[in-house]
Structure formats: structure tokens, C-alpha cells
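A look at the structure
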Amino acid sequence: MRITALAGGIGGSRFLRGLLRAAPDAEVTVIGNTADDITLHGLHVSPDLDTVMYTLGGGIEESQGWGRAGETFAVAEELAAYGAEAQWFTLGDRDLATHLVRTRMLAAGYPLSAVTEALCDRWQPGVRLLPMTDDRVETHVVVTAGDDDESADAAGDARERAIHFQEWWVRLHAEVPARRIVLVGADRAKPAPGVLDAIAGADVILLPPSNPVVSIGPILAVPGIRDAVRGAAAPAIGVSPIIGGSPVRGMADAALTAIGVPTTAAGVAELFADLLDGWLVDTVDAGATAAVEAAGVRCVAVPLWMTDVDAAAAMARAALDLAEEVRAR
């Protein structure tokens, strides 16, 4: 079985770990979000790609779902002592090695897809990990100047200011209202080598429970990817990241509010209704199945809390079972 998944960070990575247990013989390709990428201290950081790589390669810090296990922070402490910028985004010593290798290879002319392949040679994640594009795409968040305490020049200043998504998410904890979310460069980007082939050649396409706006959304915004998923022969099955009107983790509700979508399992399904064949919701959201199916998407309610790898594997099996059901129709 050939499975292609479009994934963001923590939720997507933990689901994928369950998928590998549920379908150990499957050939899995993961198309990862790169719009979260940011340059810090001269280093190219790819948070979502690294979270997938570390999680599936056995190097993740399980307690938080990101960063390296057994991490130390000597460099970060020294940077803080110098008053260096971006202290709100802490890079651990072990993690720095990954970013140093990535940055050096990019500077030497290698595309991000080739760099990611080289990094995965060490971690052996058990999947083929592809960035959505080799081109620069960044998620920026437009806020009201002054709301972030860094850009006000007068009381009542109502001008707009765009900040990098990571600053909004990590420094501001998405507590500052987003007026708009902008994918800088997405309209000019091209899918990375292998991305469209992985979609066209898949037996099943999965949308794991990742942030629908800033993880899955940027992948689908790269010209050609959404059309490829929509036109693929394989069934496309999504897993709701919203349970009982709240994000499973993170602040997806703030991102959904920014684009005018309700924080509900049905609301997120509507974002992807043009390309989905099936949608899994949690049992507490079983009442949403009728609304989702009215949009032409088969909807099934199953437990969606990824309390451990076994629970994630059960979710993955439910997604694969739903794919078989819609394929048989």
C-alpha cells in the first residue's frame, strides 16, 4: 500500500507514528509544511519537518512533542547573556546541529528537498519526507500595530503590521488577534520534486490532525497540490484536529477565527470538502456527521485522543478502513 500524508508538526507526527504501527508494510510518503520555516541567528530552521523527522526517528522530546530528547541549552544561555534577538524561540544545542547542517547545505546550493533527504539518512524515520516546496514560503500574520507591544508609535494606532507566524505563535501565544494570515511566496512556489508523483501514485491520501490553517493550508496553497489531491484516484481521508469545539493542542482556534471558520469538526471539514472523500471526527462530535455528509463527505465518529501510540494506531486504522469503505462505493 502506498500512503501519502500531508502533515504539519506535533499532531501530524504523532498520527504518523501510529500509522507506521497500523500499516507496517506500507510505503509512506509525508509532504511536510515549510511555511513555518524561519531564519534565526543566521540558521534556517524547519520546525515541522524536524518534528516529523525527530518523532519518527526516535529523537523527539516526548513531554512537549517538539525539540530533541536530552536537550541542553548552553548556546541559548550565552545568546541571552549577549542580549541577542529572538530569545523567545529557543534553540537547543543538539537541535542546533541540525540547523547548522541544513543551512550549510542550502548555502552550498542544495535544494531543501535534497537537504531533508540527507538529514533523514541519519534519523531513518521510516517514511519518505518531502518538503511541500523548495521555494521560500512563509506564513505571516497581520496584526494591529501596537497589539504586539513592539510597533505602537501613538495611542490608538490602528495601522496594520505583518509579523512572522512564529512570532505570533511562540512569542505572542496567538493571543493578539490576527486580522489576516498571509502565505508569502505561495503563489509563486512550485511543488518539490516527488510531491505530485506521491499524490498521483498513492493508494490512500491522508490529512492527519494538523492545524488546518497554518499546517495543512500552506501545503494545499502551493500551486498544483490541491488540484492534485482533488484529482487523485486515491480516496482522501482527513482526521479532525478539533474535538468538542476545541483544538486537540495548540491554538488552531485563533487561526480559524482569523479566516472566519468556526472551531468545530464540521467547520474544518468544510475547508477541505472539495478534496475529501472521508472525514473522521471524535465520538463527542458525532452530531456533526450529518452536516459533513451533506457536503458529500463520508463522516465517521471514532475516538481521536492520541493518548499513546496504540491510540494513534487505532485512529490510523480507522482512517484506512474509511478509505476502503469509500473506495468500495
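Quick note: structure is the one above.
The rules behind these values
- Residues numbered from 1 in each chain as written.
- Predicted model: local features only at pLDDT ≥ 70, side-chain atom pairs only at ≥ 80, totals over all residues.
- Heavy atoms only, no water.
- Helix = DSSP H or I, 4+ residues; strand = E, 2+ residues; numbered from the N terminus.
- Rg over C-alpha atoms; globule rule 2.2 N^0.38 Å.
- Buried < 20%, exposed > 50% of the residue type's maximum accessible area, 1.4 Å probe, protein only.
- Contact = heavy atoms within 4.5 Å.
- Areas by Shrake-Rupley, 256 points an atom, 1.4 Å probe, with all protein chains shown as cover.
- Core = buried A, V, L, I, M, F, W, Y, C linked by side-chain atoms within 4.5 Å.
- Axes fitted to C-alpha atoms, helices over the stretch in contact; angles between N-to-C directions.
- Parallel < 35°, antiparallel > 145°, perpendicular 65-115°, else oblique.
- Nonpolar A, V, L, I, M, F, W, Y, C, P; charged D, E, K, R; others polar.
- Pairing = 2+ DSSP bridges.

**Some points on the overall build of the protein**
Counting its secondary structure elements, the protein contains 13 helices and 14 strands. Whereas a compact globule of 329 residues would reach a radius of gyration of roughly 20 Å, the protein reaches 19 Å, a difference of no more than 12%. Seen along its three principal axes, the alpha-carbon backbone of the protein occupies a region of about 60 × 50 × 35 Å. Taking all 329 residues of the protein together, 54% fall into the buried category. Within the protein, residue pairs in contact and separated by at least 24 positions form 69% of the contacts whose partners lie at least 6 positions apart. Entry remark: accessible area of the protein is about 14000 Å², with carbon and sulfur atoms responsible for 51%.

**Some thoughts on helix α2 (residues 47-57)**
Within an α-helix, residues lying three or four positions from one another point in the same direction, as the helix has 3.6 residues per turn. With 10 of its 11 residues buried, α2 lies for the most part within the structure. Listing the buried residues of α2 in full gives Pro47, Asp48, Leu49, Asp50, Thr51, Val52, Met53, Tyr54, Thr55 and Leu56.

**Notes on the nonpolar core**
The biggest cluster of nonpolar side chains holds 54 residues, and the ones touching the most others in it are Trp168, Ile199, Ile205, Phe272 and Trp279. Counting residues per element, this core draws most heavily on helix α8 (residues 212-221), which supplies 5 residues. With sequence-adjacent residues up to four places away left out, Ile199 is seen in contact with Thr4, Ile31, Ile205, Ile225, Ala228, Val229 and Ala232. Counting 42 residues, the second-largest nonpolar core is a separate cluster that includes Ala26, Leu49, Ala318 and Ala319.

**Considering the packing of helix α1 (residues 10-22) against helix α13 (residues 309-328)**
Two elements in contact, α1 and α13, have axes whose closest approach is 7 Å; the angle formed by their N-to-C orientations is 75 degrees. In terms of axis orientation, α1 runs roughly perpendicular to α13. Contacts between α1 and α13 pair Arg14, Phe15, Arg17, Gly18, Leu19, Arg21 and Ala22 from the former with Val309, Asp310, Ala312, Ala313, Met315, Ala316, Arg317, Ala319 and Leu320 from the latter. In the contact of α1 with α13, the residues fall into 10 nonpolar, 1 polar and 5 charged.

**Some points on the side chain of Thr98**
Inspection of the secondary structure assignment puts Thr98 in helix α4 (residues 93-107). Classification of Thr98 by relative accessible area gives buried; the value is 6%. Setting aside residues no more than four positions away along its own chain, Thr98 makes contact with Asp50, Met53, Tyr54 and Leu119.

**Re the pairing of strand β6 (residues 138-144)**
The element β6 is extensively covered by neighbouring structure, given that 7 of its 7 residues are classed as buried. Residue alternation in β6 divides its side chains into two sets, Glu138, His140, Val142 and Thr144 and Thr139, Val141 and Val143, and both sets are buried. Pairing analysis gives 5 bridges linking β6 to strand β8 (residues 180-184), with the strands arranged antiparallel. Directly across from Val142, in β8, lies its bridge partner Arg180.

**A few points about the sheet that holds strand β7 (residues 160-164)**
What the 3 strands build is an open sheet, ordered β7-β6-β8; its pairing is antiparallel. Bordering the open sheet on either side are β7 and β8, each of which pairs with just one other strand. This sheet shows a mean twist of 30 degrees between the axes of neighbouring strands, independent of strand direction. Inspection of the sheet shows β6 paired to β7 by 5 bridges, in the antiparallel sense. For Thr144, the partnering residue across the bridge sits in β7 and is Glu160. The sheet strands contacting α8 are β6 and β8, and the helix crosses β8 at an angle near 45 degrees.

Read these as geometric descriptors, not functional statements.
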